[in-house]
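Fold and contact review
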Amino acid sequence: IPGDNWQHDSSIGGGRLLGEVCHFTDLAIHLVGHNVETVHTTRGAGQDNYSIVMTCTDGSTATVIYTSEGETRFSKERIEMFGGGMVGVIDNFRKGFIVKGGKTRKVRARSWWKSLLTGGQDKGHGAELQAFVDAVKGDEPLPVSLDDFLHSSRVVLAVAESLKLGTSIKIK
């Protein structure tokens, strides 16, 4: 992205750190399933290169590596999860697999399969919109509690503060 692009302007939506990286910290919090206790953020050379380590209340960690310096033909988004003697991978929201006991098992979700047939990706936007509509209609509760929403917001603001101060930040 050109250096003068609006996405780099921190006065418009907080720049890419607050405007895009926030989605990855939010997903990491959801996948870990525990609140974040501290964050530590560093910035690498080049454009939009961040490393964020989040330590959670259960002692687990989540690391988000966000970079614009990779090969454009490689998967844009890759999620790797390690725990319980297993490894889970979601590759570009198109395919996934779990490795356990030396064996690899593909994960096939109905929405992933449909997106593979159409060449698209399923990042959950349709399901998210449907959950919101159902909540507004009163059919279902909100999919994210206010406490979880506020916690996620505090985490991403702490990510930016950690980068600015060059130190770990405790989440209040």
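Just above sits the structure.
Summarised in this report is the structure supplied together with it. (Residues numbered from 1 in each chain as written. Predicted model: local features only at pLDDT ≥ 70, side-chain atom pairs only at ≥ 80, totals over all residues. Heavy atoms only, no water.)

1. Regarding the pairing of strand β3 (residues 61-66)
- Along β3, the buried face is formed by A62, V64 and Y66; none of T61, T63 and I65, which line the opposite face, is buried.
- Across six bridges, strand β2 (residues 50-56) lies against β3 in antiparallel orientation. Pairing of S51 across the sheet is with I65, part of β3.
- Linking two consecutive strands that pair antiparallel, namely β2 and β3, is a turn of four residues; a positive phi of about 95° is found at G59 within it. (Buried < 20%, exposed > 50% of the residue type's maximum accessible area, 1.4 Å probe, protein only. Helix = DSSP H or I, 4+ residues; strand = E, 2+ residues; numbered from the N terminus. Pairing = 2+ DSSP bridges.)

2. A look at the environment of I90
- Among the secondary structure elements, I90 is positioned in strand β5 (residues 86-91).
- When its relative accessible area of 16% is taken as the criterion, I90 is described as buried.
- Distance in space between the C-alpha atoms of I90 and I79 is 5.1 Å, their sequence separation being 11 residues.

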